[in-house]
Amino acid sequence: MESRSRFLGCLLGGAVGDALGASVEFMSFEQIRKAHGETGIRDFAPAYGKAGAITDDTQMTLFTAEGIIRALVHGSIKGYCDPFETMRRSYLRWFITQNERPPVEFRPDGWLITQKELFRRRAPGKSVMAALQEGGYHPNDPPGNDSMGCGGVMRVAPVGLLMEHPFEFGSKTAAITHGHPLGQAPAGCLAVLIRAIAEGADIEDATKAARESAKEFSKQVDLIDQAISLSQSDALAWKAIHSIGGGWTAPDALAIAIFACLRGQTLEEAVVIAVNHDGDSDSTGSIAGQIMGTLQGSEAIPERWIESLELKSVIEQVALDLYAWHESPPTAEQIAADWWVRYPGS
Ligand SMILES: [Mg+2]
């Protein structure tokens, strides 16, 4: 599997999982079955006015990637960088796309925020919105809230593709909006899982690495163990997921995605499993799609989903920018000529 395909697979896979879950985010499995038949939803259905619409999960993942690249640009040129300050400002740019005003004045510069299709409000998470209304929190400061919602974990996959110390970096990235340790650790855990897969591990070994990274967080370890054992049982997928949780909080959102990826053989199977339950379907679908996309590459994504995916070319470009940096970090001349314009290190 080529790295290029894994990077594209991670971001596009997450986006198709998000889009598949978008129309059923707030439905019980019973309601999903009434609308889509006995086996639940298996193809994009209209959400926010069209099939293939992505939600806040994909939008914020793009801004995480932007924050990473801007931090790298800044560090390369200036010789130092506080990546979490850069990331916090990226999330404030996303906040502007939600038709909100950050509490601090700054220039909404760079390429990503010029993408008009991003300016859509798609049921953004309450903790995230409240935290950004206060400007977001720096991970070195005291936590600004006690949230363990899944808004921290659903956006950090790009950290696993590119950054050193993925557990610490992922957890601190989540800490910009989520103050509870269990709102943060699952994000670090997902970054470790994505990193392991990107480096060639299979899903079982990557899950072990993720479990090991979370060993100080017994709640997360227990949920991962539950996901592993349920995946090997003959329990119906939606019932198994119901026993793990709703995915509204970070630890169970991650565990549900892991269950879906261990149970499903293909990306399509895994994201179908990950969205058909009573809980937060788009976030669990998004995380499962990121994991399976990294594992099986962008070729594993059904063509019919790619065709109608909102923001497809923007998502592809961001994935390829992450990949370009991963393959060969640009020189100072290249940064000055191109990268600094699209990803200003400010
Ligand atoms: Mg969402």
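Residues numbered from 1 in each chain as written. Predicted model: local features only at pLDDT ≥ 70, side-chain atom pairs only at ≥ 80, totals over all residues. Heavy atoms only, no water.

Peer 1: An account of the overall build of the chain is needed here, citing residue identities and associated values.
Peer 2: Of regular secondary structure, the chain possesses 17 helices and zero strands. Against the compact-globule benchmark of 20 Å for 346 residues, the chain has a radius of gyration of 18 Å, which places it among compact chains. Projected onto the principal axes, the alpha-carbon positions of the chain cover approximately 55 × 45 × 40 Å. Looking at the 346 residues of the chain, the share that counts as buried comes to 60%. Restricting the contact set of the chain to residue pairs at least 6 apart, pairs at least 24 apart contribute 74%. (Helix = DSSP H or I, 4+ residues; strand = E, 2+ residues; numbered from the N terminus. Rg over C-alpha atoms; globule rule 2.2 N^0.38 Å. Buried < 20%, exposed > 50% of the residue type's maximum accessible area, 1.4 Å probe, protein only. Contact = heavy atoms within 4.5 Å.)

Peer 1: Summarise the side chain of S231; cite the residues concerned and give the values.
Peer 2: Its place among the elements puts S231 in helix α10 (residues 218-231). Given a relative accessible area of 13%, S231 falls into the buried group. Those residues in contact with S231 that lie beyond four places of it in its chain are F259, L262 and R263.

Peer 1: Help me get a handle on the packing of helix α3 (residues 56-78) against helix α17 (residues 332-342), residues and values and all.
Peer 2: With their axes 10 Å apart at the nearest point, α3 and α17 run at an angle of 140 degrees to one another. Comparing their axes, α17 and α3 come out oblique. The element α3 and its partner α17 pack so that their crossing is left-handed. Residues I69, V73, S76, I77 and K78 of α3 touch α17, and the partners they reach there are A332, I335, W339 and W340. The class makeup of the residues in the contact of α3 with α17 is seven nonpolar, one polar and one charged. (Axes fitted to C-alpha atoms, helices over the stretch in contact; angles between N-to-C directions. Parallel < 35°, antiparallel > 145°, perpendicular 65-115°, else oblique. Left-handed = near helix turned anticlockwise from the far one by under 90°. Nonpolar A, V, L, I, M, F, W, Y, C, P; charged D, E, K, R; others polar.)

Peer 1: With reference to specific residues and values, describe the coordination of the magnesium ion.
Peer 2: With distances of 2.0 to 2.4 Å, the protein atoms coordinating the magnesium ion are T55 (OG1), D56 (OD), D57 (OD) and D282 (OD). Binding-site remark: the magnesium ion is held by donors from one chain whose sequence spacing is T-D-D-x224-D. (Donors = N, O, S within 2.8 Å, 3.2 Å for Na, K, Ca; no water.)

Peer 1: Give a detailed account of the pattern of salt bridges, specifying residues and quantitative values.
Peer 2: Within the structure shown, the criterion is met by 21 salt bridges. Ionic pairing is found between R33 and E38, a salt bridge with its closest N-O pair at 3.7 Å. Linked by salt bridges that have partners in common, E66, R70, R93, R107 and D109 make up one network. (Salt bridge = Lys/Arg side-chain N within 4 Å of Asp/Glu carboxyl O.)

Peer 1: Give me the lowdown on the side chain of R155, citing residues and values where you can.
Peer 2: Here R155 shows up in the loop between α5 (126-133) and α6 (157-162). Although R155 is buried, it makes no salt bridge; D56 carries the closest opposite charge, 8.6 Å away. Discounting chain neighbours no more than four positions away, the residues touching R155 are M60, T61, T64, Y91, V128, T173, A174, I176, T177 and H178. (Lys, Arg positive; Asp, Glu negative; His and termini not counted.)

Peer 1: For helix α8 (residues 181-198), give the residues involved together with the corresponding values.
Peer 2: The end-to-end C-alpha separation of α8 is 26 Å, in line with the 26 Å expected for 18 residues at 1.5 Å each. Phi for G200, located one or two positions after α8, is positive at around 110 degrees. (Expected span 1.5 Å × (residues − 1).)

Peer 1: Describe unusual backbone geometry, with residues and values.
Peer 2: Despite not being glycine, N99 has its phi angle at roughly 65 degrees, a positive value. Locating N99 in the fold gives a position in the loop between α4 (83-97) and α5. Look at N99 and you get exposed, because its relative accessible area is 72%. Phi at H165 is positive, roughly 50 degrees, even though this residue is not glycine. Structurally, the position occupied by H165 is in the loop between α6 and α7 (166-174). For H165, a relative accessible area of 55% corresponds to the exposed category.

Peer 1: Please provide a residue-by-residue account of the packing of aromatic side chains, values included.
Peer 2: Summed over all chains, the structure comprises nine aromatic pairs. What links up through ring pairs into an aromatic cluster is the set W111, W325, W339 and Y343. If you follow R155 out to its NZ or CZ, it ends over the ring of Y91, 4.3 Å from the centre. Taking NZ or CZ as reference, R342 lies 5.4 Å from the ring centre of W339, over its face. (Phe/Tyr/Trp six-rings, centres within 6.5 Å; stacked < 30°, edge-to-face > 60°. Lys NZ or Arg CZ within 6 Å of the ring centre and 35° of its normal.)

Peer 1: Could you give an account of the nonpolar core, with specific residues and numbers?
Peer 2: Of all hydrophobic cores here, the largest spans 107 residues; its most connected members are L11, F259, I287, I291 and L322. Looking at this core, the element that brings in the most residues is helix α12 (residues 250-263), giving eleven residues. Excluding its chain neighbours within four sequence positions, the residues that come into contact with F259 are A227, L230, S231, A237, A240, I241, I244 and I273. (Core = buried A, V, L, I, M, F, W, Y, C linked by side-chain atoms within 4.5 Å.)

Peer 1: Requested: an account of the state of the cysteines, with residues and values cited.
Peer 2: Evaluation of the coordinates by the stated rule reveals zero disulfides. Cysteine C10 shares no disulfide, and the gap to the nearest cysteine sulfur, in C261, comes to 11 Å. (Disulfide = S-S within 2.5 Å.)

Peer 1: Tell me what's going on with the environment of P186, and back it up with residues and numbers.
Peer 2: Take P186: it is sitting in helix α8. Judged by relative accessible area, which is 0%, P186 ranks as buried. Along the primary structure P186 and K312 are separated by 126 residues, whereas in three dimensions their C-alpha atoms are 27 Å apart. Apart from residues lying up to four places away in sequence, P186 is in contact with V153, P181, Q220, A250, P251 and L254.

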